[in-house]
Amino acid sequence: MHNPLTPVPFRAPGSDGSGRQGFPPAPEPLPVPVLDNHTHLDFPWEGERKVSITDALDAAEAVGVRGAVQVGCDLESSRFTVQAVEQDLRLLGAVALHPNDAPEYAARGELEGALAEIEALAAHSRIRAIGETGLDFFRTEGEGLVHQRYSFRRHIDIAKRLGLTLQIHDRDAHDDVVQVLREEGAPERVVFHCFSGGEELARTCNTEGWYMSFAGTLTFKNAANLRAALAVAEPERILVETDAPFLTPHPHRGRPNASYMVPYTVRAMAELTGWELSELCAKITENTVRAYGTWD
């Protein structure tokens, strides 16, 4: 099996001679650097080879994305995350059991042990968040939701005890996610990863002081709810992400995503809000450092 930490050349689209539509062309660099606060460097895109951490971050830095938060979703990817943040200081990390994976660990009788390992991994100085965790009513149902809710509450507890940021995965579960956060008492810093709500959830985040992280989905034609949310989001609550290799922004939707694609989303945010691009970039960076700490 290929080791994701082993360098693999970052290919230009079609450079293998296959003519496949691979990674999109690099965008124009941003005038002020920003940070991608949610990416999965260990996930290969279908039909694509894994790209080395160094090559992926070099490509991002060349267009004004000076660092990223590498996110774990299970034990394997959370272990990878700890290795990755040690390898390249342009990375910080987040570790967790994804909401859709928690029921699977529970079914094998492994949930408690897995949660204990997540907490141990989170003690690393460059792991700054517990996530992604939350609720997903799209893929999980029935008895699985019991384990999902339990896992979410346990992740909240870990984040609070370790003083870490909480990265939320919220799919078709806005009201329930907010309810659990309020019942448990939210950590000091909460980030709604790949924000998927509308104006109502955005106003709740404003009130609660929670961050809203916008991904390439903001650029999709059917994302009127996200544009409405961005319109009312307080500037101090705004972050940007890729969720790479997924959710590639327009006009390259359907092709593999990577941190170097962030400028497409940031420029869309500036256009939609009327904010000056340099000021928006500076605000996003300020917010990201406030949410996760410094990359130094």
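Residues numbered from 1 in each chain as written. Predicted model: local features only at pLDDT ≥ 70, side-chain atom pairs only at ≥ 80, totals over all residues. Heavy atoms only, no water.

**Student:** Looking at this structure, how should I read the overall build of the protein chain?
**Tutor:** When helices and strands are counted, the protein chain shows 10 helices and eight strands. A compact globule built from 296 residues should have a C-alpha radius of gyration of about 19 Å, and the protein chain, at 18 Å, falls within 12% of that. If one aligns the C-alpha atoms of the protein chain with their principal axes, the spans along those axes are about 45 × 45 × 35 Å. When the 296 residues of the protein chain are sorted by exposure, 56% land in the buried category. Restricting to contacts in the protein chain with at least 6 residues of sequence separation, those with at least 24 account for 74%. As presented, the protein chain carries roughly 12200 Å² of accessible surface, and 51% of it is formed by carbon and sulfur atoms. (Helix = DSSP H or I, 4+ residues; strand = E, 2+ residues; numbered from the N terminus. Rg over C-alpha atoms; globule rule 2.2 N^0.38 Å. Buried < 20%, exposed > 50% of the residue type's maximum accessible area, 1.4 Å probe, protein only. Contact = heavy atoms within 4.5 Å. Areas by Shrake-Rupley, 256 points an atom, 1.4 Å probe, with all protein chains shown as cover.)

**Student:** So what exactly am I meant to see when it comes to the pattern of salt bridges here?
**Tutor:** Side chains carrying opposite charge are able to pair once their charged atoms draw close together. Per the stated rule, a full pass over the model turns up 17 salt bridges. The partner of Arg161 in a salt bridge is Glu119, with the nearest N and O atoms 2.7 Å apart. Highlighted residues: Arg161 in helix α5 (residues 143-162) and Glu119 in helix α4 (residues 111-121), separated in sequence by 42 residues. With relative accessibility at 23%, the residue Glu119 sits in the partly exposed group. Here Glu199 makes a salt bridge to Arg203, at a shortest N to O gap of 2.8 Å. Remark: Arg203 and Glu199 occur in helix α7 (residues 199-208); sequence separation between them is four residues, near one turn of the helix. According to the relative accessible area criterion, Arg203 is partly exposed, its value standing at 44%. (Salt bridge = Lys/Arg side-chain N within 4 Å of Asp/Glu carboxyl O.)

**Student:** Can you walk me through the sheet that holds strand β3 (residues 91-95) in this structure?
**Tutor:** Backbone hydrogen bonds are what pair the strands of a sheet, in a parallel or an antiparallel way. Taken in spatial order, the eight strands make up an open sheet running β1-β2-β3-β4-β5-β6-β7-β8, and their pairing is parallel. Of all the strands in the sheet, just β1 (34-39) and β8 (238-240) have a single pairing partner and so form its edges. This sheet shows a mean twist of 30 degrees between the axes of neighbouring strands, independent of strand direction. Where β1 and strand β2 (residues 65-71) come together, four bridges link them in parallel fashion. Counterpart to Leu35 in the pairing with β2 is Gly67. Set on the sheet, α7 makes contact with β5 (165-171), β6 (190-192) and β7 (211-214); between it and β7 the angle comes to about 135 degrees. (Pairing = 2+ DSSP bridges. Axes fitted to C-alpha atoms, helices over the stretch in contact; angles between N-to-C directions.)

**Student:** What is the right way to read the environment of Ile53 from this model?
**Tutor:** With respect to the secondary-structure elements, Ile53 resides in helix α1 (residues 53-61). The class for Ile53 is buried, based on a relative accessible area of 1%. For the pair Ile53 and Ala215, spaced 162 residues apart in sequence, the C-alpha separation works out to 21 Å.

**Student:** Looking at this model, I keep getting lost on the pairing of β3. Mind explaining?
**Tutor:** Put simply, side chains in a regular strand alternate between the two faces of the sheet. Most of β3 sits out of view: five of its five residues are buried. In β3, alternate side chains face the same way, and those of Leu91, Gly93 and Val95 on one face and Leu92 and Ala94 on the other are all buried. One crossover worth recording links β2 to the parallel β3 by way of helix α2 (residues 75-87), and it is right-handed. Examined bridge by bridge, β3 and strand β4 (residues 127-136) share three bridges and lie parallel to one another. When the sheet's bridge partners are listed, Val95 is paired in β4 with Ile130. (Right-handed = clockwise from strand over helix to strand, strands pointing away.)

**Student:** So what exactly am I meant to see when it comes to α2 here?
**Tutor:** Owing to its 3.6 residues per turn, the α-helix aligns residues three or four sequence positions apart on the same side. Taking 1.5 Å per residue, 13 residues should reach 18 Å; α2 reaches 19 Å between its end C-alpha atoms and fits that length. Buried within α2 are the following residues: Leu75, Ser77, Ser78, Phe80, Thr81, Val82, Ala84 and Val85. At the N-terminal boundary of α2, the capping side chain belongs to Asp74, with an oxygen 3.2 Å from the backbone nitrogen of Glu76. (Expected span 1.5 Å × (residues − 1). Polar contact = N/O pair within 3.5 Å; in protein donor to acceptor, adjacent residues only side chain to side chain.)

**Student:** Would you take a moment to explain helix α9 (residues 262-273) for this structure?
**Tutor:** The end-to-end C-alpha distance of α9, which contains 12 residues, comes to 17 Å, matching closely the 16 Å that a straight helix rising 1.5 Å per residue would cover. Buried within α9 are the following residues: Val262, Pro263, Tyr264, Thr265, Val266, Ala268, Met269 and Ala270. On the buried face of α9, the contacting elements are β1, β2, β7, α8 (224-232), β8 and α10 (277-292). Note on α9: the residue one or two positions beyond its end, Gly274, has a positive phi of about 80 degrees.

**Student:** Where do I start with the side chain of Thr265 in this structure?
**Tutor:** Counting through the fold element by element, Thr265 comes out in helix α9. Ignoring anything within four residues of it in the chain, the contact list for Thr265 reads Phe214, Ala215, Gly216, Thr219, Val240 and Pro249.

**Student:** In this structure, what is going on with the nonpolar core? I would like to understand it.
**Tutor:** Most often, soluble globular proteins have nonpolar side chains that are buried together. In this structure, Leu181, Phe192 and Phe195 are the most contacted members of the largest nonpolar core, which totals 75 residues. Setting aside its immediate chain neighbours within four residues, Leu181 contacts Phe152, Ile156, Leu166, Ile168, Ala186, Val190, Phe192 and Trp210. Val69, Val71, Leu239 and Trp295 belong to the second-largest nonpolar core, a separate cluster that totals 12 residues. (Core = buried A, V, L, I, M, F, W, Y, C linked by side-chain atoms within 4.5 Å.)

**Student:** Sorry, what's going on with the packing of α5 against helix α6 (residues 174-184) here?
**Tutor:** Angle between the axes and distance between the axes: these two values describe a pair of packed helices. Interhelical geometry of α5 versus α6 gives an angle of 45 degrees and a closest axis separation of 11 Å. With respect to α6, the axis of α5 lies oblique. Relative to α6, the crossing made by α5 is right-handed. Contacts between α5 and α6 involve Arg149, Phe152, Arg153, Ile156 and Lys160 on the former and, on the latter, Asp176, Val177, Val180, Leu181, Glu183 and Glu184. Of the residues contributing to the contact of α5 with α6, the split by class is five nonpolar, no polar and six charged. (Parallel < 35°, antiparallel > 145°, perpendicular 65-115°, else oblique. Left-handed = near helix turned anticlockwise from the far one by under 90°. Nonpolar A, V, L, I, M, F, W, Y, C, P; charged D, E, K, R; others polar.)

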